[in-house]
Protein chains: 2
Amino acid sequence: MRATLIHGSRDIRLEDVPDPQIQLPGDALIRVVASCVCGSDLWPYRGVRPVKEPTRIGHELVGIVEEVGADVRTVKAGDFVIAPFALSDGTCPHCRNGIHTSCVHGQWWGSQDKNGFLVDGGQGEYVRAPMADGTLVATPEVPDDALVPSLLTLSDVMGTGHHAAVSAGVGPGQTVVVVGDGAVGLCGVLAARRLGAERVIAMSRHADRQAVARQFGADVIVAERGDEGVERIKELTGGVGADAVLECVGTKESMAQAIGSTRPGGRIGYVGVPAGGSELPIGKLFSSNISVGGGVAPVRGYIPDLLTDVLSGAIDPGKVFDATFALADVADAYRAMDERTAIKTLLTP
Amino acid sequence: MRATLIHGSRDIRLEDVPDPQIQLPGDALIRVVASCVCGSDLWPYRGVRPVKEPTRIGHELVGIVEEVGADVRTVKAGDFVIAPFALSDGTCPHCRNGIHTSCVHGQWWGSQDKNGFLVDGGQGEYVRAPMADGTLVATPEVPDDALVPSLLTLSDVMGTGHHAAVSAGVGPGQTVVVVGDGAVGLCGVLAARRLGAERVIAMSRHADRQAVARQFGADVIVAERGDEGVERIKELTGGVGADAVLECVGTKESMAQAIGSTRPGGRIGYVGVPAGGSELPIGKLFSSNISVGGGVAPVRGYIPDLLTDVLSGAIDPGKVFDATFALADVADAYRAMDERTAIKTLLTP
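Where an unreviewed UniProt entry is consulted, chain A appears under the name Zinc-dependent alcohol dehydrogenase family protein, with the organism given as Angustibacter luteus. Among the UniProt annotations of chain A, the heading Sequence similarities (unreviewed entry) holds the following wording: "Belongs to the zinc-containing alcohol dehydrogenase family."

### Observations regarding the overall build of chain A
Of the regular secondary structure elements, chain A holds 12 helices and 19 strands. A compact globule built from 349 residues would reach a C-alpha radius of gyration of about 20 Å, and chain A, at 20 Å, matches this within 12%. Per-residue burial over chain A gives 59% buried out of 349 residues. Taking as baseline every contact in chain A between residues at least 6 positions apart, the subset at least 24 positions apart corresponds to 67%. With the model as given, the accessible surface of chain A reaches about 13200 Å², and the carbon-plus-sulfur share is 48%.

### What about the side chain of Ser254 of chain B?
Residue and element names in this part refer to chain B. Following the sequence through the fold, Ser254 ends up in helix α9 (residues 252-261). Within the structure, Ser254 has its side chain in polar contact with the backbone nitrogen of Gly250 (distance 3.3 Å). When sequence neighbours within four positions are dropped, the list of residues in contact with Ser254 reads Val179, Glu247 and Val249.

### Quick notes on helix α7 (residues 207-215) of chain B
Residues and elements named next belong to chain B. Buried residues of α7: Arg209, Val212 and Ala213, and no others. An end-on view of α7 places all buried positions within 105° of arc, on one side of the element. Of the exposed residues in α7, those oriented more than 90 degrees away from the buried face are Ala207 and Gln215. Gly217 sits one or two positions beyond α7 and adopts a positive phi of about 115°.

### Brief notes about the domain arrangement of chain A
All names here are of chain A. In terms of domains, chain A is made up of domain 1 (2-156 + 298-348) and domain 2 (157-294). Computed over C-alpha atoms, the centres of domain 1 and domain 2 are 27 Å apart. Contacts between the two partners involve 23 residues from domain 1, matched on the other side by 20 residues from domain 2. Summed over both partners, the interface of domain 1 with domain 2 comes to about 1800 Å²; 68% of that surface belongs to carbon and sulfur atoms.

### Looking at the nonpolar core
Within soluble globular proteins, side chains that are nonpolar tend to cluster in buried spots. In terms of nonpolar packing, the biggest core is built from 52 residues, with Met255 and Ile268 of chain A together with Met255 and Ile268 of chain B touching the most fellow members. If sequence neighbours within four positions are ignored, Ile268 of chain B has contacts with Ser167, Ala168, Val245, Glu247, Met255, Ala258, Ile259, Thr262, Ile290, Ser291, Val292 and Gly293 of chain B.

### Quick word on the sheet that holds strand β4 (residues 55-56) of chain A
Residues and elements named next belong to chain A. With respect to topology, 3 strands assemble into an open sheet ordered β2-β1-β4, the strand pairing being antiparallel. Looking at which strands have only one partner, the edges of the open sheet turn out to be β2 (11-16) and β4. Pairing between strand β1 (residues 2-8) and β4: 2 bridges, direction antiparallel. The partner of Leu5 across the bridge, within β4, is Arg56.

### Overview of the interface of chain A and chain B
With 38 residues of chain A in contact, the opposing surface of chain B contributes 38 residues. The contact between chain A and chain B buries some 2800 Å² in all, and 62% of this surface belongs to carbon and sulfur atoms. Taken as a group, Ile282, Phe286 and Asn289 of chain A account for 26% of the area that chain A buries against chain B, more than any other trio of residues on that side. For the pair chain A and chain B, the interface holds 0 salt bridges. Broken down by secondary-structure element, the contributors of at least two residues to the side of chain A that touches chain B are α2 (93-96), β15 (262-270), β16 (279-281), α10 (282-288) and β17 (291-294) of chain A. Sort the elements by how many residues they give to the side of chain A that touches chain B and α10 of chain A lands first, with 6 residues. Considered class by class, the residues forming the side of chain A that touches chain B number 18 nonpolar, 17 polar and 3 charged. Relative to strand β16 (residues 279-281) of chain B, β16 of chain A runs antiparallel, the two being bridged by 3 bridges. Paired with Pro281 of chain A across the two strands is Glu279 of chain B, which belongs to β16 of chain B.

Each value, and the rule that gives it
- Residues numbered from 1 in each chain as written.
- Chains lettered and ligands numbered in written order.
- Predicted model: local features only at pLDDT ≥ 70, side-chain atom pairs only at ≥ 80, totals over all residues.
- Heavy atoms only, no water.
- UniProt positions renumbered as here; feature names shortened; annotations may be inferred.
- Helix = DSSP H or I, 4+ residues; strand = E, 2+ residues; numbered from the N terminus.
- Rg over C-alpha atoms; globule rule 2.2 N^0.38 Å.
- Buried < 20%, exposed > 50% of the residue type's maximum accessible area, 1.4 Å probe, protein only.
- Contact = heavy atoms within 4.5 Å.
- Areas by Shrake-Rupley, 256 points an atom, 1.4 Å probe, with all protein chains shown as cover.
- Polar contact = N/O pair within 3.5 Å; in protein donor to acceptor, adjacent residues only side chain to side chain.
- Arc of directions from axis to C-beta.
- Domains from an automatic or database assignment.
- Buried area = accessible area lost by both parts, 1.4 Å probe.
- Core = buried A, V, L, I, M, F, W, Y, C linked by side-chain atoms within 4.5 Å.
- Pairing = 2+ DSSP bridges.
- Salt bridge = Lys/Arg side-chain N within 4 Å of Asp/Glu carboxyl O.
- Nonpolar A, V, L, I, M, F, W, Y, C, P; charged D, E, K, R; others polar.

Written as structure tokens, this is what we have:
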């Protein structure tokens with residue numbers, strides 16, 4: 001089969017690799033229907049996280065189950081499944097607590113599992129999915145093609161935006177600010193609206209992203225950043241600040257923006273992977289009773305609820321995909337994300 | 001009247017000062033029935049926070065209203081009142097959000113108010129209380145002397161321990177760890193139990209404090225600290241960690257203890273004033289989805305609920321007072337706290 005490997009900075013190649021096979025009784029073999037490029041894939045692409053050797057890449061995918069191992073009970077050949085970005089057993093104490101990303105048997109797409117077998121990357125034609133029962137969620141029936149983009153977001157960005165909103169305690173009547181206009185931030189707008197926020201303020205300076213934010217329910221767009229951005233949020237909230245702020249970037253500047261935008265007693269939900277700003281200013285948080293929660297999103301646990309809303313048409317997070325590439329053009333899909341000519345790129349094998 | 005002033009490190013004096021009088025229509029004049037020494041009073045006492053000039057001190061008090069200004073509506077002469085450690089108007093957006101410590105007109109005992117009038121310190125015979133309607137809570141009737149210590153804790157330490165528990169999201173079925181065995185930590189044990197925690201683990205290495213922790217509902221005492229303390233918590237929780245951790249100290253070491261004791265997805269409620277460890281390690285919090293909330297406790301909002309439980313006998317937080325001094329011996333009350341021969345000292349004028 002063909003699969004994507006990253007060889008180094010800005011060196012993405014689609015290559016012929018061995019077809020995956022069932023290796024363990026808990027495995028499922030999946031034919032990928034759609035995958036995509038994640039903002040976090042850009043770290044090795046940009047050389048921020050150096051690539052030591054050619055490595056399979058991609059961790060968001062939906063597909064059709066081709067075959068399952070002897071122990072698999074919850075999915076079967078022919079099922080359409082959503083595969084979250086982290087593999088989990090679904091039975092350990094952390095999974096039972098809903099924190100599948102801390103699974104004691106947790107694994108990651110594109111790496112070796114603990115038995116020494118490769119777990120394929122998502123940006124390919126097929127993947128072997130270990131711990132299929134814990135990891136995969138099947139849809140009730142094979143969905144229409146039109147639903148595929150939205151279903152694909154449940155593997156990462158929609159669940160991650162939702163995690164930011166849940167971690168910030170978003171609920172009815174609240175004013176919510178979303179810092180970050182990438183696919184996750186935009187999904188955060190949608191999630192905040194879905195959870196009943198009264199007013200959603202999206203911070204964005206790009207017309208295309210502002211448009212999606214509006215479609216997802218943002219009432220106000222704030223283009224200012226830094227101190228000016230904080231001042232604008234204060235103006236919009238009668239000098240008080242927002243009840244909840246979703247930090248969907250992960251830089252020191254974006255966290256400062258989030259803290260400055262939160263009212264005393266308010267909550268920040270953060271899902272931007274911490275880069276650069278590796279600490280939080282506890283003195284400021286203490287004096288204003290601002291709480292900070294979130295982290296690497298345990299999206300597996302959120303899929304069933306969000307799936308219901310995608311299938312009913314209540315939410316359409318697939319709008320974050322504004323460009324589609326054939327797998328053969330995967331390098332272009334990376335380039336479009338890197339150069340910001342696309343918000344998020346979808347790949348079809 | 002007589003009131004306590006701090007002149008410098010370890011220099012506490014009871015002095016004759018002018019009798020306070022009603023200065024503003026929102027004032028109340030209170031005869032202090034009991035006050036006490038706070039752990040935070042030990043900062044200037046120990047020279048950690050230098051004293052520039054002789055200053056009134058003390059911020060926890062209960063007493064009888066002697067007189068009120070023309071605009072005061074919620075308390076009257078003869079009422080027994082609880083005065084929280086922060087004065088607030090009760091009407092600004094932050095007060096309405098329950099964060100009275102961020103009141104836009106907020107004031108502090110022992111300082112000048114915005115009109116230039118002295119707000120007396122709590123460790124004296126009388127105080128002028130500005131913003132009486134927003135700040136003070138009257139009991140339904142003048143309580144028995146036996147209830148006074150518990151009522152006095154509602155001015156600070158019980159409300160602060162409760163804030164730690166609320167900020168950590170303590171609820172039924174949870175395992176809760178309390179870091180810190182001062183009066184606030186002990187009240188945190190009581191608050192966690194009151195909020196329905198299934199199992200409360202108190203970290204303490206002092207027999208007298210362990211005994212109070214047990215009386216307040218701690219199931220297990222852990223005397224180990226640092227890595228050993230974390231290891232012990234892990235052992236006690238099947239390797240998982242606690243659902244909620246109350247950080248009631250405020251040092252870098254105690255926060256590390258708290259973070260190490262929290263399970264993935266768990267919550268830390270912190271009320272220890274940050275000293276030394278002024279930042280939080282966001283990378284560790286992110287990877288484990290540990291949230292951190294809390295801060296300077298808005299105790300005013302908690303008084304009505306906690307008061308109900310004190311008056312009914314459901315809780316008896318006054319047990320944190322293990323020594324009583326006459327106001328004339330206030331310097332001894334400080335020394336007992338400083339030398340840790342007492343957990344918390346009560347003062348009677």
